[in-house]
Structures are given as C-alpha cells and as structure tokens.
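Geometric and topological summary
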Amino acid sequence: MYGWTGSFLRVNLTTKTWKKEAFSEEFAHKWVGGRGFASKILFDEVRPGTDPLGPENKLIVALGPIAGIPAPNTGKCVVAAKSPLTGFYGDGNLGTRVSEHLRKAGYDAMIVEGKADRPTIVYIEDDKVEFLPAGELWGQGTYATNDWISSKYGAGAGFLNIGQGGENLNRYAVIRSLEGRAGGRPGMGAVMGSKLLKAIVVRGTHPIPQVDPAAMKALGTGDLKKVHKIDQETGWSKQSTTGVLQFCNEVAGLPVRNFRKTQHPESWRVDGERLNEARIATYGCPNCTMRCGITIHDTEGRESELDYENIGLLGTNLEIFDLPQVGCLNYLCDEYGLDTMSAGCVLGFYADAIDHGAVGGDFKFGDAERAKQLLRMAAHREGIVGNLLADGSLRMARAFGNNSEAYAMQVKGLEVAAYNCKFIPGQALAYGVSPIGAHHREAWIITFEIKHTTRESYGPEKAAKVIELQRIRGGMFEFLVACRFPWIELGWSLDNYPKYFNTITGLNWTLDDMWRTADRIYGMIKLNYLREFPGTTRQADFPPAVWFDPSNADTQGPIAGKVLELDKYDGMLQHYYDQRGYDARGIPTKATLSSLGLDAEAAEAQKYATLT
Amino acid sequence: MKIGVKLIGPLMYEAGFSEKEIEVPDATTTDALLDRIMISKTRPKIVTRNGKAVAPDDVLKDGDKIAVSPIYSGG
C-alpha cells in the first residue's frame, strides 16, 4: 500500500500504554484520511451519550495521503473528538509540522484515549512513545508552551498544545501549533484538557511511503513555485483573507453589534488595507508559498496574527474599530487557546443580552478593556460570568432565558463565522447544513449569490452550490488533508489534487471519486449526529431566529427592510435534502446510506434511532 | 458625470488607489470604467453598485458608487 503508512498510533493516557495498529487497504480506500478516518473511528469507538469531557471520549489527530508531502499547502492536520460544545462529532484543521512528522514516524492517525493522572506531554519519536510530566507548563499560555517545546525538542518538531482555555474546559477551546495556527473550533482543546494532556510532540524520521517519490517531489515542489508566482501576480497575500472585510461591508454581510447590523462606516479602520500597512511580519503553515498570517503589534506591543474571521468577530461584531485593540483580543484568544470566532460571538451575544435586558451586566459594545477581562475570565472559568461565557452562546442563552436564544448566533451549538446572513439566504443554508454546526469551512457561496444568481432566490441552485462546495471544502480538502486556499483564493485547479493523490498512491482516482468519498463522510458525520440526537428535526438546520425577524431588518443600505423568510428558507432546505438524498429531518435515507457503502453503519445507528 | 469608485483587496495595488471619485463621459458602461482605471479585464472580479452586482455592459449614472472586488471565497 502506497500513500498510507498503514498504521494508527493508539495512546492510552490512563494506562500509559501505546500500540501500533494496522489498518487495511480497503479501509484506506473507503475513508482516505483526515475527517474520513476521524468520523469513522469516533462512530465505531465512542458510544452515544459519552461525556465529551470524560475519559471515554477520544481525541483523533488524523492525516491524509498528501499530508506532509511537499506540495501546495499540505502542512495541515485534522483534530476531532465528540464535541463538548455541540454534543456530537466535532473537528477542525490546523497548520502544523505534525502533518509531516507523524507520517514520518509511521502513523496516518493518532487515537488518544483515557485520562492522565497528572498533566502530561506525550512525546513520539518513530516507534517510541513517552509520557512526560507537563510540570510547570500546566497553567501556561500557548506562546510560552510553544517556546518551551521549541527549546527542548527543536523548532522543527511537530507539536500540538493547549492553553488555559483547554485546561479549564472552556467549551470552545482550540488546539494550537506554531505562531498563529489554531484548530478544532468545537472544543477540541477542552477535550485535550479533560485528559490532562498539555501537548503532543512528534518527531519522525522514516520516508512516507509513496509509489514514485521522485515524481511527486518534482511535481509538488514545482507546483509550490507556481502557486507562489500566482500569489505574487495577483497580490492576494498583501491583505490575505482580510480583503473580504470591505466586500462584506459593501454587500451588507458584515457582522456588526452581534450581527444586528450588516455594515459600519468605521469598518475601514480595521480592514485589509490598514492591516497591510500595520504589518510587522508574515507567517504561514509548513509547505505553504502563499502565507496568510499577517502580524501586527497589539496595544501591549506583542505580535498578534490576524485574519478576517478574527477581525470580523472580535472587531466589527463588538464595534471595536481599533486595530491594535482587536490585535490584543486576538492575542489573548491565541494565548489562552480559545477559538476567536466563538469568543467573538460569545462576547457579542453577552453585550446584546445585556442591551436587551435578558441579563444584568456591565459589558457594552465597543468596550475593548472589559472584553479583555471577559476573555481571561472565560479562559479560566472565573466566577459566575466566566463560567457562563466558557460554555458558549447556546448554553448562555438557555441560562439567560428571555427569548435570548433567538439572537445567540450559533447553529447546533457552534457559533457562526464572520458572515452576516440577515439577507444572504444561501450562506444561511450553508451554516444550517454544515455537518458540525455553523462553520464557513464547509461552504461559502456569497459571491455566487450576488454575481451568478439573485440574492432573493431560495432556489435549488443555491442548495446545489452548497453541496458542490461541501464536497470540495468539507470533503476533499479535509480527507486528503490540505489547505483549500490555493484553490479558493488563487484559482489553483482542483484537478491538481487527484493528480497528487494518484502520484503518491498509484491509484487512478478522478474528482468524481473524491466527491463520492466526501458524500460518504458527510453521511458518516450525520449518523454520528443522529445517534446522539435521535429525536432530531429539520429545525436543527435553521440558522438563528433573529435573521428571520422583520424588526431586525436594516433601515438603510442594500438590504433595507429585508430579512430571511422562514417558509422560503424551509423550501430551500428541502431542495438541499432532496439533492442529498436526505429525509425530512435532514438525515440520509437508508437507500442513500446504502449507495454510499454505509449499510453496516446504518444498522448500528438503527439501534438508537430510526432511519427512513 | 462623476462616479465614486472603491477598489477592494489587492485590486487597489494594481490600480494605485483604494477609493476616489472619477469623472467619466455620460453613458459610460461598467467595462469602460474598468478600462479607465486599468484593472485587468481577465482578472476575475465582481462589480457592485449599492451592494448589488452590475454587468459589464450596464450603463452607469452620475453619482453611482461602484465597488470592484476580486472573487472572494470566504477563507
């Protein structure tokens, strides 16, 4: 078998034991890697009802056939577990040298079980695994932890770690690696923390099995240069992802004041042009030649790496239009190991709930200093407020009552990204049917809605576009495990990815094979969800109610007087279900599951829930 | 007539400005405006007026505010 090492590493923190487990070629071809491996392993090994923060939950670190091999943007890994934020399968990806080192150590994925008896670092070096005391690192932020790991193991080692947010079981704590790299929005950092696992460090020295390493090296390194050239010609990385901020402001899609507003005249103060002017350094992931991590000095003179989502949710959404202040909030999230998107939504919701009298408090939009204190409190679960904030916006809304759930900006418990869908129906659908809760990673169709169809449409073309993008973004890139940016930002052809896959594995896959695998993995995630929530209804696929509320309509600008329409959204959702072969609850039918090769998984799910 | 033009993202570096008012003849189309500000025709882009897309042959009116953006894909 080429392209895969053929082995998983299973580590048990309770017993301090580990073993190397082989998987079959058939398994490799069916699940491929990354999200595919993670969703299947968690379905097979984590029973429904398991406490996400208990020792029975498992953390998966998963790679794919092209991960870690020099080629456009393969320096990523997937982290997954049952989510403490949403209560079902959750995952994310982040840039890290783990992608290369874990594969070179001989593993395509790592399964972490149990709970350590004291804060622990797991060190992996090829066939050797050590369980080391984390000692004084416990309680430290991620920057200090990164520095310690780099000084002890060398800057070239692969590592993942958590900050105080993960240690204190903040439900949107992420896993961090390298400079600004972070992943696992639905609380993957809290799962690490619940296991008293401070860090994973890995060094691998073996070659990754490939059918033709020389051909892949020539292809991959050549393409890295081509991607770099396109980036230089287009100038994309001058502002990286933050160029989209002014686009969102123009088309009334910017999050402002907990998504109450869609534009703001001061937004220019924190946009991509200002960020580029304030730039002090640029960072990127391994195997990347279009580096997107722009750092600035925050208010304390620290280096803070910003992207659009950080600025949209910690800046405009909180009505903070001072770039160094936004940089400071972002730095604190990175230091504590909190998801910047959920943190921005949580603070925005808190200010809005106070504003609307749902709860008492002293936090107001625009108050950067209080926002910094609240982030610290959320990361450390300080007091009643810190504990509330650490649980995410859905749980906060249920605690506050007073109909505040209507403006808690989340779907299935995961907070939305920085795109305001007050009147962007297709993107609202993308959030609604994202298989892990609201996430822009799965599909982003705003430009399509404005340029290639009509914004007012709730037609089948929008459902079709969401599915097309889910197969690419949430599917292929998440199971081959590579960054989607060369394709989405620079137009790097999708045809390159089967080419890389085939050159490494010796197989002859087409993009259609990729889409079929993607559909299987989405089906797998839906079964993970169904088993946890057997009474689910299609209402779970609706975005926040405030986007349907006419009293929340803009009073001026491009979408004045307009909000999403409930009946029409429901119709568009049905288009999505019909095209996917899902039933009226949004669950794949038995026939669909069978066509995807998921008969055994369907039979298992039927022990807990009904399939139609 | 005068048209307000805002360039988004890397387009501002290509054209050399981010926002300004431009004097153009009456009945100028979107495409002609882009020629005027020297943004490559082959570069994928979206042009909006008051948040709505305009076509290359749409005729502009005095006082229009036009935004020109690369095709973003949401990160």
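Up top is the structure these notes are about.
Numbering of residues begins from 1 in every chain and follows the order in which that chain's sequence is written. Lettering for chains starts from A, numbering for ligands starts from 1, and both go in the order in which the items are written. Predicted model: local features are reported for residues with pLDDT of at least 70 only, side-chain atom pairs are reported and counted for 80 or more only, and whole-chain, interface and lining totals are derived from all residues. Side-chain measures were taken over the full set of non-hydrogen atoms in the model, leaving aside hydrogen atoms and water.

Residues and elements named next belong to chain A. Counting residues in each nonpolar core, the largest one holds 171 residues, and the members touching the most others are Phe 37, Phe 247 and Met 476. Each helix corresponds to a stretch of at least 4 residues labelled H or I by DSSP, and each strand to a stretch of at least 2 residues labelled E; elements are numbered beginning at the N terminus. Top contributing element to this core by residue count: helix H21 (residues 511-532), with 11 residues. In what follows, residue pairs with any heavy atoms lying within 4.5 Å of each other are defined as contacts. With near-sequence residues (within four places) excluded, Phe 37 lies in contact with Trp 4, Phe 8, Phe 23, Phe 27, Ala 28, Trp 31, Val 32, Ala 62, Leu 63, Asp 108 and Ala 109. One finds Leu 59, Ala 116, Ile 200 and Val 202 within the second-largest nonpolar core, a separate group that totals 34 residues. To form a nonpolar core, buried Ala, Val, Leu, Ile, Met, Phe, Trp, Tyr and Cys residues must be joined to one another through side-chain atoms within 4.5 Å. Buried, partly exposed and exposed residues are distinguished by accessible area as a fraction of the type maximum, computed with a 1.4 Å probe on protein chains only: under 20%, between the cut-offs, and over 50%, respectively.

Here the focus is the pattern of salt bridges. Residues and elements named next belong to chain A. Salt bridges are defined as contacts in which a side-chain nitrogen from Lys or Arg sits within 4 Å of a carboxyl oxygen from Asp or Glu. Within the structure shown, the criterion is met by 57 salt bridges over all chains. Residue Lys 19 is joined to Glu 21 by a salt bridge in which the shortest nitrogen-to-oxygen separation is 3.7 Å. The partner of Glu 179 in a salt bridge is Arg 181, with the nearest N and O atoms 3.6 Å apart. Exposure remark for Arg 181: the relative accessible area of 5% places this residue in the buried category. Shared partners join several salt bridges into a network, and the residues in it are Arg 10, Lys 19, Glu 21, Glu 45, Lys 58 and Glu 113.

Further remarks concern unusual backbone geometry. Residues and elements named next belong to chain A. The phi dihedral of Val 32 falls on the positive side, at around 65°, and the residue is not glycine. Mapped onto the fold, Val 32 is located in the loop between helix H1 (25-31) and helix H2 (35-45). Although it is not a glycine, Asn 258 sits at a positive phi angle of roughly 50°. Mapped onto the elements of the fold, Asn 258 is located in the loop between helix H8 (244-250) and helix H9 (272-278). Given the relative accessible area of 2%, Asn 258 is considered buried.

Here the focus is the interface of chain B and chain A. Every contact between the two is made by 22 residues of chain B and, on the other side, 30 residues of chain A. As a working definition, buried area equals the accessible area (1.4 Å probe) given up by two parts on being put together, with both sides summed. Buried surface at the junction of chain B and chain A, summed over both partners, amounts to about 2100 Å²; 57% is from carbon and sulfur atoms. Interface area lost by chain B to chain A is led by Tyr 13, Tyr 72 and Gly 75 of chain B, which between them contribute 29%. Glu 250 of chain A is the partner of Lys 6 of chain B in a salt bridge, and the nearest nitrogen-oxygen pair spans 3.3 Å. Side-chain atoms alone can form a polar contact between residues adjacent in sequence; in general such a contact is a pair of N or O atoms within 3.5 Å, and within protein one must be able to donate a hydrogen while the other accepts it. At the surface where chain B touches chain A, the tally comes to 13 residue pairs in polar contact (both at pLDDT 80 or more). Among the secondary structure elements, those contributing two or more residues to the side of chain B that touches chain A are helix H1 (11-15), strand S3 (45-49), strand S4 (52-53) and strand S5 (65-70) of chain B. Considering each element in turn, the side of chain B that touches chain A owes the most residues, 3 residues, to S3 of chain B. Class assignment for the residues of the side of chain B that touches chain A results in 9 nonpolar, 9 polar and 4 charged. Residue polarity follows a fixed list, in which Ala, Val, Leu, Ile, Met, Phe, Trp, Tyr, Cys and Pro are nonpolar, Asp, Glu, Lys and Arg are charged, and the others, Gly among them, are polar.

Treat this as a map of the structure, not an account of what it does.
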